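Tertiary structure, described
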Amino acid sequence: TDPVLMAAGLPSGHVRLVSLGQQNSVTVDLVPRSRRPCNDVSWNPVFKSRLAAGLDRLHSECCVSVWDVNEQGSATRARGRLEEPHVTVVSTPIVELSKSE
């Protein structure tokens, strides 16, 4: 069976994905280009592996980032952080939108 993923938007702008119901849970941080609070996260009801994050608006920067959790993109394993040695960081969304788009 597919893992159940929970998504949470963080004040840092990261979106944290945590797999639930598995013995070896996986945590992934989706990281936008700029550091602004994440106000909303939403799964796409049609393309179920896609997740959108709504960020605080800042000048002309993008305020919506979309990731496909099945794509690896630029994933790196976070090492050396004692509090979260299991976190994988993905920093490239598949789409970024601003108010004018």
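Just so you know, these numbers come straight off a predicted model, no measurement behind them.

**What about a nonpolar patch on the surface?**
The grouping of Val4, Met6 and Leu20 at the surface amounts to a nonpolar patch, some 260 Å² of accessible area in total. Looking at the element boundaries, Val4 is found in strand β1 (residues 4-9). Its relative accessible area of 51% is what places Val4 among the exposed residues.

**So, the pairing of strand β6 (residues 64-68)**
In terms of burial, β6 is a largely internal element, four of the five residues being buried. With five bridges joining them, strand β5 (residues 50-55) and β6 adopt antiparallel strand pairing. When the bridges of β6 are listed, Arg50 appears paired with Asp68.

**Re the nonpolar core**
Of all hydrophobic cores here, the largest spans 11 residues; its members are Ala7, Val15, Leu17, Val28, Leu30, Cys38, Leu51, Ala53, Leu55, Trp67 and Val90. Among the secondary structure elements, those contributing two or more residues to this core are β2 (15-20), β3 (27-30) and β5. Ignoring sequence-local partners within four residues, the contact set of Trp67 consists of Val15, Leu30, Val31, Pro32, Ser49, Arg50, Leu51, Ala53, Val90, Thr92, Pro93 and Ile94.

**Here's the deal with the sheet that holds β5**
Read from one edge to the other, the open sheet built from four strands follows the order β4-β5-β6-β9, with strand pairing classed as antiparallel. The open sheet has two edge strands, β4 (38-43) and β9 (95-97), and neither has a second partner. Within this sheet the neighbouring strands show an average axis-to-axis angle of 15°, counted without direction. In the sheet, β4 pairs with β5 via five bridges, with the strands oriented antiparallel. If you follow Val41 over to β5, its bridge partner there is Ala53.

**With respect to the pattern of salt bridges**
Per the stated rule, a full pass over the model turns up two salt bridges. One salt bridge connects Asp29 with Arg16, and the closest N-O pair in it is separated by 2.6 Å. Remark: Arg16 occurs in strand β2 and Asp29 occurs in strand β3; sequence separation between them is 13 residues. Close ionic contact of Asp68 with Arg50 constitutes a salt bridge, the shortest N to O distance being 3.8 Å. Of this pair, Asp68 sits in strand β6 while Arg50 is found in strand β5, placing the two residues 18 residues apart along the sequence.

Scoring rules and cut-offs
Residues numbered from 1 in each chain as written. Predicted model: local features only at pLDDT ≥ 70, side-chain atom pairs only at ≥ 80, totals over all residues. Heavy atoms only, no water. Patch = residues over 30% accessible without salt bridge, like charges linked within 9 Å, V, L, I, M, F, W, Y side chains within 5 Å. Areas by Shrake-Rupley, 256 points an atom, 1.4 Å probe, with all protein chains shown as cover. Salt bridge = Lys/Arg side-chain N within 4 Å of Asp/Glu carboxyl O. Helix = DSSP H or I, 4+ residues; strand = E, 2+ residues; numbered from the N terminus. Buried < 20%, exposed > 50% of the residue type's maximum accessible area, 1.4 Å probe, protein only. Pairing = 2+ DSSP bridges. Core = buried A, V, L, I, M, F, W, Y, C linked by side-chain atoms within 4.5 Å. Contact = heavy atoms within 4.5 Å. Axes fitted to C-alpha atoms, helices over the stretch in contact; angles between N-to-C directions.

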